[in-house]
Amino acid sequence: MTDALLYRRHRFPPDVIAHAVWLYFRFPLSLRMVEDLLAERGIIVSHQTVRSWAEKFGREFSKTIRRRSDGKLGDKWHLDEVVISIGGRKHWLWRAVDQEGFVLDVLVQARRDRQAALRLMRKLLSRHNRLPRVLITDKLRSYSAAKRELMPGIEHRSHKGLNNRAENSHQPTRRRERIMKRFKSPRQLQRFVSIHDPIANLFHLPRHEITSEDFRELRAAAMVAWRDIAQLEAP
């Protein structure tokens, strides 16, 4: 989608819209917080407008990021699930990350059983079109049952201590859950994480493993990539 088509019929310039979307998904901010940050810069928009921008443009940006990352993510898959309370009922957020902490996929489900694990694995295989080298999970037996059916020849390591990378990947969602005072529906949660996680991947930098100079270069490169994805002119 070209710049003219993506931003047409919006009275605010692309830089403002993309910046609002970046703020909302890059940091644990509420819609009203983003509204206030924009107001401080003299940009007066409502939080409802920020919400519509986040959903429309965030969806387009995340699609582009996923498309560009095809075939570039790791071959060691860490799978984990975390309970999310929605409307007083338990739901499970299933997430897969690679060995570097990049999110491979997410899926919100009402169950925590073999069928739910199968749905996650089928989605992963369909999206990435390849088998992992190794699968790492906690001791939930549903993973083993699903893996035997879909990936019988793949090495499977089932140990809670090995899966910290996947467990840590839930932290941004937990922070946003507190800011939003809980998610209102499974659909809202699925929509949010499906946009948030690809954008988080773009800015996922191994800060503890590199020098400050290298980190600044990688961060600058991520911002250049973001402006290209958001179809913005070079500053």
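Residues numbered from 1 in each chain as written. Predicted model: local features only at pLDDT ≥ 70, side-chain atom pairs only at ≥ 80, totals over all residues. Heavy atoms only, no water.

Caption draft 1: Representation of the pairing of strand E2 (residues 89–97). Burial within E2 is extensive, with seven of its nine residues counted as buried. As consecutive antiparallel partners, strand E1 (residues 76–86) and E2 are separated by two residues, and within that stretch glycine 87 has a phi angle of approximately 60 degrees, a positive value. Note: E2 against strand E3 (residues 103–109), six bridges, orientation antiparallel. Its bridge partner being in E3, tryptophan 94 is matched across the sheet by leucine 107. Linking two consecutive strands that pair antiparallel, namely E2 and E3, is a turn of five residues; a positive phi of about 90 degrees is found at glycine 101 within it. (Buried < 20%, exposed > 50% of the residue type's maximum accessible area, 1.4 Å probe, protein only. Helix = DSSP H or I, 4+ residues; strand = E, 2+ residues; numbered from the N terminus. Pairing = 2+ DSSP bridges.)

Caption draft 2: Structural view of the side chain of glutamate 81. Locating glutamate 81 in the fold gives a position in strand E1. Polar side-chain contacts of glutamate 81 include one of 3.0 Å to the side chain of arginine 112. Here the side chain of glutamate 81 touches tyrosine 143 through a polar contact of 2.4 Å, side chain to side chain. For glutamate 81, the residues in contact, after removing those within four places along its chain, are Trp92, Leu93, Trp94, Arg112, Asp138, Leu140, Tyr143 and His170. (Polar contact = N/O pair within 3.5 Å; in protein donor to acceptor, adjacent residues only side chain to side chain. Contact = heavy atoms within 4.5 Å.)

Caption draft 3: Summary view of the nonpolar core. Counting 46 residues, the largest nonpolar core has Tyr7, Trp53 and Phe61 as the members making the most contacts within it. Elements with a contribution of two residues or more to this core: helix H2 (14–26), helix H3 (31–40), helix H4 (47–69), E1, E2, E3, helix H9 (186–202) and helix H10 (212–229). Among the elements that line this core, the one with the most residues is H2, at nine residues. Excluding its chain neighbours within four sequence positions, the residues that come into contact with phenylalanine 61 are Leu6, Tyr7, Val21, Trp226, Ile229 and Ala230. In terms of nonpolar packing, the next biggest core, distinct from the first, is built from 21 residues, Leu79, Leu125, Leu140 and Met151 among them. (Core = buried A, V, L, I, M, F, W, Y, C linked by side-chain atoms within 4.5 Å.)

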